[in-house]
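The lines below spell out each chain.
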Amino acid sequence: MSELIDGKVISTQIKSEVKEKVAALNAKGVTVSLAVIQVGADPASSVYVRNKKKACEEVGIRSVAYELPETTTEKELLDLIDELNGRKDINGILVQLPLPKGMDEDKVTDAISPLKDVDGFHPVNVGKLSIGKRGFVSCTPAGVIELLKRSGVEISGKECVVIGRSNIVGKPMSMLLLRENGTVTVCHSRTADLKEVTKRADILVVAVGKPGMIDASYIKDGAVVIDVGIHRKEDGKLCGDVDFESASEVASKITPVPGGVGPMTIAMLMKNCAESVELQGLI
Ligand code: NAD
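What this report covers is the structure whose coordinates are included nearby.

Side note on the overall build of the protein
Check the secondary structure of the protein and you find 10 helices and 11 strands. Over its C-alpha trace the protein gives a radius of gyration of 19 Å, about what one expects of a compact globule, namely 19 Å for 283 residues. Overall size of the protein, expressed as C-alpha extent along the three principal axes, is 50 × 40 × 35 Å. For the protein, with 283 residues in total, the buried portion stands at 48%. Relative to all contacts within the protein whose residues are 6 or more apart in sequence, the contacts with residues 24 or more apart total 70%. Surface summary for the protein: the accessible area is close to 13,500 Å², and the carbon and sulfur share equals 52%.

A closer look at empty space enclosed by the protein
Overall, the coordinates contain one cavity of 30 Å³ or more when judged by the stated rule. Put simply, the largest cavity is a space of about 70 Å³. Lining the largest cavity we find Ile 93, Val 95, Leu 97, Val 108, Thr 109, Ile 112, Asp 117, Asp 119 and Phe 121. Counting only elements with at least two residues in the lining of the largest cavity, the list comes to strand 4 (92-95) and helix 4 (105-111). Residues that form the lining of the largest cavity fall into these classes: six nonpolar, one polar and two charged.

Some details on the environment of Val 169
Structurally, the position occupied by Val 169 is in the loop between strand 5 (159-163) and helix 7 (170-179). Residues Val 169 and Asp 6, spaced 163 residues apart in sequence, show a C-alpha to C-alpha distance of 20 Å. Setting aside residues no more than four positions away along its own chain, Val 169 makes contact with Pro 141, Ala 207 and Val 228.

Concerning unusual backbone geometry
A cis amide bond links Leu 97 with the next residue in sequence, Pro 98, at an omega value of 0°. Secondary-structure assignment places Pro 98 in the loop between strand 4 and helix 4. Residue Pro 258 is reached from Val 257 by a cis peptide bond, and omega for that bond is 0°. Its place among the elements puts Pro 258 in the loop between strand 11 (253-254) and helix 10 (262-279).

Focus on the site of the ligand
Of all residues adjacent to the ligand, which total 23 residues, the nearest are Arg 165, Ser 166, His 188, Ser 189 and Thr 265. Between the ligand and Ser 166, the relevant distance is 2.5 Å, taken from an oxygen atom to a side-chain nitrogen or oxygen of the residue. Protein chains shield 71% of the accessible area of the ligand, which is 870 Å² for the free molecule. When its residues are assigned to classes, the shell around the ligand shows 10 nonpolar, 10 polar and three charged.

With respect to the layout of surface pockets
Size it by volume and the second largest pocket reaches roughly 290 Å³. Considering the residues around the second largest pocket, the lining is formed by 16 residues, among which Val 137, Ala 142, Arg 179, Met 268 and Lys 271 are closest to the centre. Of all the secondary-structure elements, those providing two or more residues to the lining of the second largest pocket are helix 6 (139-150), helix 7 and helix 10.

Points about the pattern of salt bridges
According to the stated counting rule, one finds 17 salt bridges in the structure shown. Lys 271 is paired through a salt bridge with Glu 146; the nearest N and O atoms lie 4.0 Å apart. Highlighted residues: Lys 271 in helix 10 and Glu 146 in helix 6, separated in sequence by 125 residues. Taken together, the salt bridges that share partners define one network made up of Glu 17, Glu 146, Arg 150, Lys 271 and Glu 275.

A look at the sheet that holds strand 4
Read from one edge of the open sheet, three strands run 3-2-4, paired in parallel fashion. Two strands close off the open sheet at either side, each with one partner strand: strand 3 (62-68) and strand 4. On average, each strand axis in the sheet is tilted by 15° relative to the strand beside it, whichever way the strands run. The pairing of strand 2 (residues 33-39) with strand 3 spans seven bridges and is parallel. If you follow Val 36 over to strand 3, its bridge partner there is Ala 65. Sitting on the sheet, helix 3 (residues 74-86) touches strand 2, strand 3 and strand 4, and the angle it makes with strand 2 is about 180°.

A word on the packing of helix 2 (residues 43-59) against helix 10
At their nearest, the axes of helix 2 and helix 10 sit 10 Å apart, and the two run at 55° to each other. Our classification of the angle between helix 2 and helix 10 gives oblique. The way helix 2 lies across helix 10 gives a crossing that is right-handed. Contact residues: Asn 51, Lys 52, Ala 55, Cys 56 and Val 59 in helix 2; Ile 266, Leu 269 and Met 270 in helix 10.

What counts, and at which threshold
For every chain, the first residue of the written sequence is number 1, and numbering continues from 1 along that sequence. Totals for whole chains, interfaces and linings use every residue, but because this is a predicted model, local features are given only for residues with pLDDT of at least 70 and side-chain atom pairs only at 80 or more, for both listing and counting. Water and hydrogen atoms were dropped before computing side-chain values, which therefore reflect all heavy atoms in the structure. By definition, any uninterrupted DSSP run of H or I lasting at least four residues is a helix, any uninterrupted run of E lasting at least two residues is a strand, and each is numbered from the N terminus. Only the C-alpha atoms count toward the radius of gyration. The rule for a globule is 2.2 Å times the residue count to the power 0.38. Any residue under 20% of the maximum accessible area for its type is buried, any over 50% is exposed, and the rest in between are partly exposed; the area is computed with a 1.4 Å probe on protein chains only. Every residue pair with non-hydrogen atoms within 4.5 Å of one another is taken to be in contact. Throughout, the Shrake-Rupley method with a 1.4 Å probe supplies accessible areas, and for residues the shown protein chains are the sole cover considered. Buriedness of a pocket was judged along seven lines, with at least five required to meet protein on both sides within 12 Å; pockets are open sets of points on a 1 Å grid over the protein atoms alone, cavities are sets where a 1.4 Å probe fits but cannot get out, and lining residues have an atom within 4 Å of a point. Grid points are joined across faces, edges and corners, and a volume is the space filled by probe spheres set on the points. The residue classification treats Ala, Val, Leu, Ile, Met, Phe, Trp, Tyr, Cys and Pro as nonpolar and Asp, Glu, Lys and Arg as charged. All others, Gly included, are polar. Proximity is defined per residue: any heavy atom of the residue falling within 4 Å of a molecule or strand makes that residue near it. What qualifies as a polar contact is a pair of N or O atoms within 3.5 Å, subject to a donor-acceptor requirement within protein and to the restriction that residues adjacent in sequence count only when both atoms come from side chains. For this document, the term salt bridge refers to a Lys or Arg side-chain nitrogen within 4 Å of an Asp or Glu carboxyl oxygen. The pairing criterion for strands is at least two bridges between them, as found by DSSP. Angles shown run from 0 to 180 degrees and are taken between the N-to-C directions of axes, each axis being a line fitted to C-alpha atoms and, for helices, limited to the stretch in contact. Roughly parallel means an angle under 35 degrees; roughly antiparallel means over 145; roughly perpendicular covers 65 to 115; every other angle is labelled oblique. With the far helix as reference, a near helix turned anticlockwise by less than a right angle produces a left-handed crossing, and one turned clockwise produces a right-handed crossing.

Here's what the structure looks like:
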């Protein structure tokens with residue numbers, strides 16, 4: 001049986017570190033503020049936005065909510081972002097995705113100042129990550145690195161395999177593992193023999209977006225398995241991309257769903273917000 005990597009415990013630790021950092025900034029007269037923009041009332045997005053606001057409250061970050069109607073035009077949204085980019089009292093800007101049909105998400109992401117892009121999606125921040133410069137890093141993959149490090153998993157020199165090459169998870173994940181000196185392979189829907197590759201992994205990060213797809217037959221004995229996937233089953237329960245029951249028979253350490261990677265994303269968002277004031281040269 002494998003050891004659980006507990007994302008609830010680790011994310012709580014990170015949030016309490018952020019809280020201390022924010023309190024120290026406040027003591028120096030520096031406040032940290034996050035603008036959270038939601039367009040429309042998609043129920044899943046509303047839950048994410050609510051959780052982000054709650055996390056801000058927990059760590060002492062001021063959140064400013066912009067709940068815009070579904071009828072908002074792209075131009076109105078871009079104008080708001082432009083205004084927030086210029087405001088000294090706003091350190092981070094987050095636009096909850098997905099946006100309503102007809103809006104160009106790339107255009108909106110690109111409009112956010114890279115210095116306020118706490119989601120780490122702006123091409124400037126993606127570029128900085130790939131050349132090893134300091135910038136904002138996408139929260140979910142950054143959270144995976146924290147889970148590994150804080151669970152005592154050595155990344156340097158290890159065979160790391162990432163399943164998935166999306167811009168928000170797979171690609172930044174592979175760059176971060178490389179930055180930690182892992183030997184990194186990225187698999188995707190055109191990978192010819194997936195099992196042959198994943199069976200080599202000492203660390204396997206699964207972000208394939210398919211419920212329960214990765215079972216023990218994909219995993220080397222003793223590997224560390226990180227499940228980024230999150231799906232709601234018909235019975236209402238959550239599950240990941242990994243078949244937890246079978247995978248936990250062979251993995252040395254594994255993240256559960258829920259309670260693994262999930263809680264890390266918001267904790268890393270809070271960490272990015274607290275760091276924004278440094279990147280903006282405010283301290
Ligand atoms: P995505 O659909 O954008 O990307 C999936 C990737 O998997 C693609 O690159 C594709 O090439 C690859 N893929 C698909 N089928 C494959 C196959 N049969 N073999 C090998 N590769 C295959 O998904 P995403 O946005 O990267 O998200 C991945 C998962 O992580 C989803 O379940 C999503 O819900 C979850 N997610 C969780 C969090 C979190 O906070 N925990 C955040 C983002 C995404």
